[in-house]
Amino acid sequence: MSFESLGLLPELLRAVQESGYETPTPVQAQAIPEILAGRDILAGAQTGTGKTAGFTLPLLHRLQANASSMQGRAPRALILVPTRELAVQVGESVRTYGKYLRLFSQAIFGGVSINPQIDALRRGTDILIATPGRLLDHVQQRTADLRHIEILVLDEADRMLDMGFINDIRRIIKLLPAKRQNLMFSATYSEDIRGLAERLLTNPVSIEVARRNAPVDAVAQSAYFIAKEQKRALLSHLIRSGEWPQVLIFNRTKHGANRLQKQLEEDGITAGAIHGNKSQAARTKALTDFKEGRIVALVATEVAARGLDIDQLPYVVNYELPNVPEDYVHRIGRTGRAGATGIAVSLVSPDESGLLRDIERVLRRAIERVTVPAISTPSPSARIVRASPPVQQQRPAQNARRWGSPGAGQSGQRRRA
Ligand code: AMP
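So, how was this worked out
Residues numbered from 1 in each chain as written. Predicted model: local features only at pLDDT ≥ 70, side-chain atom pairs only at ≥ 80, totals over all residues. Heavy atoms only, no water. Helix = DSSP H or I, 4+ residues; strand = E, 2+ residues; numbered from the N terminus. Buried < 20%, exposed > 50% of the residue type's maximum accessible area, 1.4 Å probe, protein only. Contact = heavy atoms within 4.5 Å. Core = buried A, V, L, I, M, F, W, Y, C linked by side-chain atoms within 4.5 Å. Polar contact = N/O pair within 3.5 Å; in protein donor to acceptor, adjacent residues only side chain to side chain. Phe/Tyr/Trp six-rings, centres within 6.5 Å; stacked < 30°, edge-to-face > 60°. Lys NZ or Arg CZ within 6 Å of the ring centre and 35° of its normal.

Novice: Would you explain the overall build of the protein chain in this entry?
Specialist: A tally of regular secondary structure across the protein chain gives 15 helices and 14 strands. Expressed as a percentage of its 417 residues, the buried residues of the protein chain come to 59%. By sequence separation, contacts in the protein chain at least 24 residues apart represent 74% of the contacts at least 6 residues apart.

Here it is, written out as structure tokens:
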């Protein structure tokens, strides 16, 4: 299967080629022909599967091919996303893939001044990428006109529902023309998602690229049992001794994320934090520093990290396990993306062992337990830590990367797909 055989415009094929993609990913191979044919789609695809290009490429194709339907410069496609970061990322993808077409796009999201967005909308745009709340602000101020939308995309629909956007989404849908194409992407299927799909989609094609609620197979997963107060020392040790070049660390609370960032820096590890209490400028800076290698560790809360697209992220750490097992799947989906191998490490304190069991039940497999290594560190706060309970013979922590994943035995360098 090649991109050429999918029937996309030459301008899009050129952009795809420049992105370095050789073959379509499974979700792209399945979704692109159906979307080009005008069908509604319900796709069960996690982040990292190439889903963004899977809907962006055919969406651009259809808008371009149907240019005669243009109504002034009112938007003809609306991509709804749960977070600001995802809006920025999807906006970048639209620009990248559409660079040889004369279509305009605009990302609109909260946390930043609304005025530049109003100016941009006045100038006109073909594709709107928006978070629901800010989009409704624009609708209220009559700066966004949704009457000419031909294609609606709900990206990470499950996360939008988790974040309480259902009423906003309903209000937005009411503002759209009845006749339109609908594309819905969700990593998991809850009752609510099914209900939304039934209301929204007409005779949809279902696309499933990974087993439901299953992590991408390319991720080697392991868990350390460790007391809460020893987690920080273990984490610093793993990063330093394994020479991890880049690690995304999940924390449950904003306060905890800030504290851990400071502690890592005290341990000599460059770190940033990303969560809802940070300004948009601070979040963007932390993400850029992380992507460009100026910091090794990015500490994030669940919501802030949603949908982050970081090329070939090698390590993900669950500093605290999520309360909802499906969130574990989302989290480790940050690594092992688009064919690259990844390592997901969980630090599990005794009070979290029930959560780990729940996760294993959802995964339908056991996560490898690793014995906590002896830690020798110059930092007085990072003294010897021991496994509780001891599980198996002690091994160097960096062995974790050898397990369960082909090609995962390389040194701790960033991997290229
Ligand atoms: P997504 O699932 O949309 O977040 O995409 C995950 C990553 O896969 C992004 O970094 C894309 O640049 C990359 N990607 C998308 N399509 C392909 C492809 N056909 N071949 C290789 N990489 C891809």
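Novice: I keep staring at the nonpolar core and nothing clicks. Help me out?
Specialist: Looking at soluble globular proteins, one finds that nonpolar side chains tend to be buried together. Ranked by size, the top nonpolar core spans 41 residues in total, and within it Leu8, Leu57, Ile79, Ile127 and Ile129 carry the most contacts. Top contributing element to this core by residue count: helix H3 (residues 51-65), with 6 residues. Sequence-distant contacts of Ile129, defined by excluding residues within four places in its chain, comprise Ile79, Val81, Ala87, Val90, Gly91, Val94, Ser105, Gln106, Ala107 and Ile108.

Novice: What is the right way to read the side chain of Arg283 from this model?
Specialist: Locating Arg283 in the fold gives a position in helix H12 (residues 280-291). Since its relative accessible area comes to 5%, Arg283 is described here as buried. Of note is the side chain of Arg283, whose polar atom sits 2.8 Å from the side chain of Glu85.

Novice: Can you help me understand the packing of aromatic side chains in this one?
Specialist: For any pair of aromatic rings, the description rests on two quantities: the centre-to-centre distance and the angle between the ring planes. Under the counting rule described, the total for this entry stands at 3 aromatic pairs. The interplanar angle of 10 degrees and the centroid separation of 4.1 Å between the aromatic rings of Trp244 and Tyr315 together place this pair among those described as stacked. Within this pair, whereas Trp244 is found in the loop between helix H10 (231-241) and strand S9 (247-251), its partner Tyr315 is found in strand S12 (residues 315-318), the two being separated by 71 residues in sequence. Assessed through its relative accessible area of 1%, Tyr315 is described here as buried. Directly above the aromatic system of Tyr100 lies the positively charged group of Arg14, at a separation of 3.8 Å from the ring centroid. Stacked on the ring of Tyr319, the Lys or Arg Lys231 has its end atom at 5.8 Å from the ring centre.

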